[in-house]
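Descriptive structure summary
Single-letter residue listing:
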Amino acid sequence: MSYSDCLSDLLCGEDSSDIFSGESPGCSTDLESHDFEEESSIASFIEDERNFVPGFDYLSRFQSQSLDASAREESVAWILKVQAYCGFQPLTAYLSVNYLDRFLYSRRLPTDGWPWQLLSVACISLAAKMEEPLVPSLLDLQVEGARYIFEPRTVRRMELLVLSVLDWRLRSITPFSFTGFFACKLDPTGDYIDFLISRATEIILSNIKEASFLKYRPSSIAAAAILCAASDIPNLSLFNPEHAESWCDGLSKDKIVGCYRLMQDLLLDNSQRKPTKVLLPQLRVTIRARTRSSGSDSSSSSSSSSYKRRKLNNRLWAVDDKGSSK
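Residues numbered from 1 in each chain as written. Predicted model: local features only at pLDDT ≥ 70, side-chain atom pairs only at ≥ 80, totals over all residues. Heavy atoms only, no water.

When helices and strands are counted, the protein shows 14 helices and two strands. Within the protein, the fraction of its 326 residues that count as buried is 37%. Taking as baseline every contact in the protein between residues at least 6 positions apart, the subset at least 24 positions apart corresponds to 77%. A total of about 19500 Å² of accessible surface is found on the protein, and carbon and sulfur atoms cover 50% of it. (Helix = DSSP H or I, 4+ residues; strand = E, 2+ residues; numbered from the N terminus. Buried < 20%, exposed > 50% of the residue type's maximum accessible area, 1.4 Å probe, protein only. Contact = heavy atoms within 4.5 Å. Areas by Shrake-Rupley, 256 points an atom, 1.4 Å probe, with all protein chains shown as cover.)

Centre-to-centre distance and the angle between the planes together describe a pair of aromatic rings. Applying the stated criterion to the full structure yields ten aromatic pairs. Taking the centre distance of 6.2 Å and the plane angle of 90° together, the rings of Phe45 and Phe178 count as edge-to-face. Of this pair, Phe45 sits in helix H3 (residues 27–48) while Phe178 sits in the loop between helix H9 (152–165) and helix H10 (179–186), and the two are 133 residues apart along the sequence. We classify Phe178 as buried; its relative accessible area is 0%. Following the ring pairs from residue to residue traces out a cluster consisting of Phe45, Phe178, Phe181, Phe182, Phe239 and Trp247. (Phe/Tyr/Trp six-rings, centres within 6.5 Å; stacked < 30°, edge-to-face > 60°.)

Let us look at the packing of H10 against helix H12 (residues 218–230). Across the interface, H10 lies against H12 with an axial gap of 9 Å and an inter-helix angle of 45°. By the angle between their axes, H10 is oblique relative to H12. When the axes of H10 and H12 are compared, the crossing they make is right-handed. On the side of H10, the interface is formed by Thr179, Phe182, Ala183 and Leu186, while H12 contributes Ser219, Ala222, Ala223, Ile226 and Ala230. Classifying every residue of the contact of H10 with H12 by side-chain character gives seven nonpolar, two polar and no charged. (Axes fitted to C-alpha atoms, helices over the stretch in contact; angles between N-to-C directions. Parallel < 35°, antiparallel > 145°, perpendicular 65-115°, else oblique. Left-handed = near helix turned anticlockwise from the far one by under 90°. Nonpolar A, V, L, I, M, F, W, Y, C, P; charged D, E, K, R; others polar.)

Side chains of Arg50, Lys215, Arg217 and Lys255 sit close together on the surface and give a patch of like positive charge. Relative to the assigned elements, Lys215 resides in the loop between helix H11 (193–206) and H12. (Patch = residues over 30% accessible without salt bridge, like charges linked within 9 Å, V, L, I, M, F, W, Y side chains within 5 Å. Salt bridge = Lys/Arg side-chain N within 4 Å of Asp/Glu carboxyl O. Lys, Arg positive; Asp, Glu negative; His and termini not counted. Charge placed at Lys NZ, Arg CZ, Asp CG, Glu CD.)

Next up on the list: the pattern of salt bridges. Counted according to the given criterion, the structure contains eight salt bridges. A salt bridge links Arg61 to Asp57; the nearest nitrogen and oxygen atoms lie 3.6 Å apart. We note a salt bridge from Lys129 to Glu159, for which the minimum N-O separation is 3.1 Å. Pair noted here: Lys129 is in helix H7 (residues 113–131) and Glu159 is in helix H9, with a separation of 30 residues, a long-range link.

Here we take up H9. Spanning 14 residues, H9 covers 20 Å between terminal C-alpha atoms, matching the ideal 20 Å at 1.5 Å per step. Of the residues one or two after H9, Asp167 is the one with positive phi, at around 60°. (Expected span 1.5 Å × (residues − 1).)

It is worth spelling out the environment of Ile46 at this point. Along the polypeptide, Ile46 turns up in helix H3. Residue class for Ile46 comes out buried when judged on its relative accessible area of 7%. Taking the C-alpha atoms as reference points, Ile46 and Phe178, 132 residues apart in sequence, are found 9.1 Å from one another. If we skip the residues at most four places from it in the chain, Ile46 touches Phe178, Ser219, Cys248, Asp249, Gly250 and Leu251.

Below is the structure:
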């Protein structure tokens, strides 16, 4: 009995002669089908992305100063610091800012600083729960120059408010939904895919504080970022941004070109600007013990802990559920 005969009972309706004939299946058809499905998915993302961004007049509110652009910029900067400190994915930081902007479009915050801080903590906590395998405690999230420290139950109540305003739609469409696809379109050979995605991610996060990008949707931001990343590669630097419209149905040439030029201007401005050091208050206080005489370890530890508590109480504010400061 041949080997194929032994396995004939295990075959599910196929002809055993086809299985063991040595002929390879039609791979090209499968690849073409996969490409079509992927492009259809990207097109559906482009169609749905308007449901996961603030309204069209959101930017005008900052321009008219009905919303505080500096407060938003400060909140986004703090979110980026927490993302870097905790080692979160870039997507987590972008989602946090996306939640913040969508909330601000629907609800107004007082001009005082602590509501903005509370909203920022709630947004990055929700984003981390969506994307990160390990999420720090709510107290551990409040690091990197946070001016207020909120009790966990206060943050959880703010999370519920954000969820209610966003109608529980946290799985948003972001520029990272498009970067891999656009990188393949720009570089079909695949030689620079990893660099394009990595560099585009850096560009997207570096510009997320700028309110001017609020008028562009995620697909346009992703396409512009990939084009800016390609400008660092000699073989791809001559690509015309106007041709990016052909990457997928639903893309807007004017939006991509406008976003690309804005990114290029900001990249040029940042390269010409000299780096400056900004001193921020630190949550962690490092004490170097100085002992003039030998003493017990327990008394030294107790003294150091007491000093730390006094230091933190002088620098930080704790806000309880009623909004009062302690």
